[in-house]
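Inside the fold
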Amino acid sequence: MKNDFRKMEDEMDRLATNMAVITDFSARISATLQDRHERITKLAGVHALLRKLQFLFELPSRLTKCVELGAYGQAVRYQGRARAVLQQYQHLPSFRAIQDDCQVITARLAQQLRQRFREGGSGAPEQAECVELLLALGEPAEELCEEFLARGRARLEEELRGLEAELGPSPPAPDVLEFTDRGGSGFVGGLCQVAAAYQELFAAQGPAGAEKLAAFARELGSRYFVLVERRLAQEQGGSDNSLLVRALDRFHRRLRAPGALLAAAGLAEAATEIVERVARERLGQHLQGLQSAFLGCLTDVRQALAAPRVAGKEGPGLAELLANVASSTLSHIKASLASVHLFTAKEVSFSNKPYFRGEFCSQGVRESLIVGFIRSMCQTAQNFCDSPGEKGGATPPALLLLLSRLCLDYETATISYILTLTDEQFLVQDQSPVTPVSTLCAEARETARRLLTHYVKVQGLVISQMLRKSVETRDWLSTLEPRNVRAVMKRVVEDTTAIDVQVGLLYEEGVRKAQSSDSSKRTFSVYSSSRQQGRYAPSYTPSAPMDTNLLSNIQKLFSERIDVFSPVEFNKVSVLTGIIKISLKTLLECVRLRTFGRFGLQQVQVDCHFLQLYLWRFVADEELVHLLLDEVVASAALRCPDPVPMEPSVVEVICERG
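Once a new chain begins, its residue numbering starts again from 1 and follows that chain's sequence as written. Local features in a predicted model are, by the rule used here, given only for residues with pLDDT of at least 70; side-chain atom pairs are given and counted only at 80 or more, and totals for whole chains, interfaces and linings are based on all residues. Heavy atoms throughout the structure, all of them, feed into the side-chain values; hydrogens and water do not.

Remarks on empty space enclosed by the protein
Which parts of space are left empty comes out when a probe the size of a water molecule is rolled across the atoms. Threshold: For each structure, a 1 Å grid was placed over the protein atoms alone; sets of points admitting a 1.4 Å probe that cannot get out are labelled cavities, open sets with protein on both sides within 12 Å along at least five of seven lines are labelled pockets, and lining residues have an atom within 4 Å of a point. Grid points are joined across faces, edges and corners, and a volume is the space filled by probe spheres set on the points. In DSSP terms, a helix is any run of H or I states spanning at least four residues, a strand is any run of E spanning at least two, and both are numbered starting from the N terminus.
Considering all chains together, one arrives at two cavities of 30 Å³ or more under this definition. Of the volumes computed, that of the largest cavity is approximately 60 Å³. Together, Val471, Trp476, Arg486, Met489, Leu587, Val591, Phe596, Val604, Asp607 and Cys608 line the largest cavity. If you list the elements that add at least two residues to the lining of the largest cavity, you get helix 20 (572-592) and helix 21 (598-615).

Quick look at the structure:
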């Protein structure tokens, strides 16, 4: 083409000529065969018509054979192919006879299909096939719909009865995982089959049919949920949640399919509510478990404190008991956190629900479980302060001391550690208000303060009872000249020393005011100096009673007021100071109610000097002991008709000998 166009033009001319010849030849062939083509087409139409007529004439026998062989689907398809033609030509006698025969056979076919459907021996797919064939045969859809749901209800109720039988008292109930698996594969699977078949068969029923199916699923689903909740309620014992969470996960997963098929029935939402309710109940059970464990620890402490007295052997120290209680309680808290954390694991189907991503973490775990337990622990400890303590069942003072230190340690570090651990494990996505750490720490500190204050009162009361009985049971007017310190005063010093050792095991020393170079001698001078002798002897003579009272009142005006029940600080010195103040104040009040002879006054003088020799080293300010004991001796002198004090040197010799 590039070099020479003339040759190609000749070839195109020859091609056009050949095409014209071919067209002419084809036209002559078509004209020759035209008559034959029309006859062949006509014969083919006649053949097809004859085949159709043959099918119609053979239709009754074919239907009969299919019914006998049980090929119901094939029979329905045959009937469907011929129905329109027979309906159209039913006015012709031959076609009318065929139609009558077919109707008789079809009626028998429908009867057998209904019988097969009603027997219910086959599964849901087979029954759905029966309904589909009956619908194709023109049976009433509304009637078939009701009957289909009734048959489905019978099968599902049988599954429910089987599950309920497993919850009976006689056979041992299977574990919760096996129970939910059986319910999921039996009841839930059957419900899905019924719902899917219903929607496929009766789609033409419209919204009314859908609502009927939703009501059907809602009623049976609620009965299934009741059985599941009954079985879940039996899982109250034990602290391991792994089996329970796996069972809830499978229960929730299996209800996704019917939840999607039957959104109007609300099955998926109801299943989620059950899971949430079980989770809340489980949190409550863990809280009760923590409370029981804490009470168990306190029982162990009480037994350990009583053991040395009962068995006569030395038990563990307070510091060791405190460490045991703290470590045991903390380990139980960590175990509970690990157990409830399974509800929020990523592989669990319901962990992405809003409740488990928000409220469960903040209000459930943090507030209800952890904060609730800490507050319960503080309340349990405070109950030891509020209880009157019946005879034989009073709270051991050492337990009060241990609990106060435990609450103080919680306020210092443990509460912050536990809540930080909780917040790290349960990433809260909820904006609900939570209890601040500072508020919880303040409550724990207040509990520790109340316990320590109650400890001071209890120990002060023990010593006060000894002092009160020693004053009230003695005849001070006719007592002999003192030669020894009374035994009760030695017991007071011994008990105070034991309390000092006990408190020192858990609390720091504390701060004291600067002491004098010789506190015992300085205090002793209050009772033995010539100044004091001059104050007692001339002033307390019967000839000048008004001067005595006036001198006592003037002395009180210039003395510092002592607050007996002042707040107790968290250290050993403050605790001992409070106990000694209560004890000496009781001694003072008891002395004020008695009348003393000369030797009775001297005995009080000796006892008070003995107490001063030893008690000053326990208190924050030695001047406090000095003032209280000075007031005791002065009160005894005021109530003595013959106030002649003992010589200071004699008092000192008696106390050193005692």
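Considerations on the packing of helix 6 (residues 176-201) against helix 7 (residues 206-233)
Basically, it comes down to this: Fitted lines through C-alpha atoms give the axes, limited to the stretch in contact for helices. The angle between two N-to-C directions lies from 0 to 180 degrees. Roughly parallel means an angle under 35 degrees; roughly antiparallel, over 145; roughly perpendicular, 65 to 115; everything else is oblique. By definition, residues are in contact when any of their heavy atoms lie within 4.5 Å. Ten residue types, Ala, Val, Leu, Ile, Met, Phe, Trp, Tyr, Cys and Pro, are classed as nonpolar, four, Asp, Glu, Lys and Arg, as charged, and the remainder, Gly among them, as polar.
Closest axis-to-axis distance for the helix 6/helix 7 pair is 11 Å, and the angle between their directions is 175°. Relative to helix 7, the element helix 6 lies roughly antiparallel. Contact with helix 6, carried on its side by Val176, Phe179, Thr180, Gly183, Gly184, Phe187, Val188, Leu191, Val194, Ala195, Tyr198 and Gln199, involves Gly209, Lys212, Leu213, Phe216, Ala217, Leu220, Gly221, Tyr224, Leu227, Val228, Arg231 and Leu232 of helix 7 and no other residues of that element. Tallied by class, residues from the contact of helix 6 with helix 7 come to 16 nonpolar, six polar and two charged.

Considerations on the environment of Arg302
To keep things clear, this is the line we draw: Using a 1.4 Å probe on the protein chains alone, a residue whose accessible area is under 20% of its type maximum counts as buried, one over 50% counts as exposed, and one in between counts as partly exposed.
Summarising the element assignment, Arg302 is placed in helix 10 (residues 267-311). Note on Arg302: relative accessible area 29%, which makes it partly exposed.

Describing the pattern of salt bridges
Just so we agree on the cut-off: Salt bridges are defined by distance alone: a side-chain nitrogen of Lys or Arg within 4 Å of a carboxyl oxygen of Asp or Glu.
By the definition in use, this model includes 29 salt bridges. With a closest N to O distance of 3.3 Å, Asp423 and Arg366 form a salt bridge. On the criterion of sequence distance, the pair formed by Asp423 in helix 14 (residues 397-425) and Arg366 in helix 13 (residues 359-386) is long-range, its members being 57 residues apart. Look at Arg366 and you get buried, because its relative accessible area is 6%. Of the charged contacts in the structure, one is a salt bridge between Asp607 and Arg486, with a shortest N-O distance of 2.6 Å.

Brief notes about helix 16 (residues 487-504)
For the record, the criterion: In this scheme, a helix's expected span is set at 1.5 Å multiplied by one less than its residue total. It is the directions from the helix axis to the C-beta atoms that the arc portrays.
Here helix 16 spans 26 Å end to end across 18 residues, near enough to the 26 Å set by a 1.5 Å rise per residue. Residues of helix 16 that are buried: Val488, Met489, Val492, Val493, Asp495, Thr496, Ile499, Asp500 and Val503. Around the axis of helix 16, the buried residues are gathered within 165° of arc, so they sit on the same side. Exposed positions of helix 16 whose direction lies more than 90 degrees from the buried face are Ala487 and Glu494. Those residues of helix 16 that are buried are in contact with helix 14, helix 15 (437-472), helix 20 and helix 21.

Comments concerning the confidence of the model for the chain
The condition that has to hold: pLDDT is a per-residue confidence score from the predictor, ranging from 0 to 100.
Chain-level pLDDT for the chain is 80 on average; 72% of the residues reach the 70-or-more range. Contacts from residues 519-548, a stretch scored under 50 in pLDDT, to residues over four places away or in other chains number 55 contacts.

Remarks on the packing of aromatic side chains
Stated formally: When two rings of Phe, Tyr or Trp (its six-membered ring) have centres within 6.5 Å they constitute a pair, described as stacked for plane angles under 30 degrees, edge-to-face for angles over 60, and tilted for the intermediate range. Think of it as a cone above the ring: NZ of Lys or CZ of Arg counts as a charge over the ring if it is within 6 Å of the ring centre and within 35 degrees of the ring normal.
Inspection of every chain in the model, using the stated rule, returns 14 aromatic pairs. For the ring pair Phe187 and Tyr224, a centre distance of 4.8 Å and an interplane angle of 25° mean the geometry is stacked. One end of the pair, Phe187, is in helix 6; the other, Tyr224, is in helix 7, and 37 residues separate them in sequence. Tyr224 gets classed as buried once you look at its relative accessible area, which sits at 2%. Taken together, a centroid distance of 6.3 Å and an interplanar angle of 85° make the contact between Phe294 and Phe373 edge-to-face. Here Phe373 lies in helix 13 and Phe294 lies in helix 10, a separation of 79 residues in the sequence. Across this residue pair, the class does not change: Phe294 and Phe373 are buried. Above the ring of Trp476, the side-chain terminus of Arg474 is found at 5.3 Å from the ring centroid.

Focus on the nonpolar core
A general trend in soluble globular proteins is that nonpolar side chains are found buried together. What counts here: Working definition of a nonpolar core: buried Ala, Val, Leu, Ile, Met, Phe, Trp, Tyr and Cys residues. They are joined through side-chain atoms within 4.5 Å.
Core analysis: the largest hydrophobic core is formed by 153 residues, its most contacted members being Tyr224, Phe251, Phe343, Phe360, Leu403, Val575 and Leu611. Counting residues per element, this core draws most heavily on helix 10, at 15 residues. Beyond its immediate stretch of four places on either side in the chain, Phe251 contacts Thr180, Tyr224, Phe225, Val228, Ala271, Ile274 and Val275.

A short note on a negative patch on the surface
How we decide: Patch members must show over 30% relative accessible area and no salt bridge, and they are joined within 9 Å when carrying like charges or within 5 Å when they are nonpolar side chains of Val, Leu, Ile, Met, Phe, Trp or Tyr. Computed with the Shrake-Rupley method and a 1.4 Å probe, the accessible areas treat only the protein chains shown as cover for residues. Positive charges come from Lys and Arg, negative ones from Asp and Glu, while His and the chain ends are left out of the count. In plain terms, the charge of a residue is placed at NZ if it is Lys, CZ if Arg, CG if Asp and CD if Glu.
A cluster of like negative charges, contributed by Glu9, Asp10, Glu11 and Asp13, occupies part of the molecular surface. Checked against the element boundaries, Glu9 lands in helix 1 (residues 6-69).

Some thoughts on the environment of Leu452
Mapping Leu452 onto the fold places it in helix 15. A C-alpha to C-alpha distance of 7.8 Å links Leu452 and Phe570, two positions 118 residues apart in sequence. Excluding anything up to four places from it in sequence, Leu452 contacts Leu401, Ser404, Tyr507, Val568, Glu569, Phe570 and Val575.

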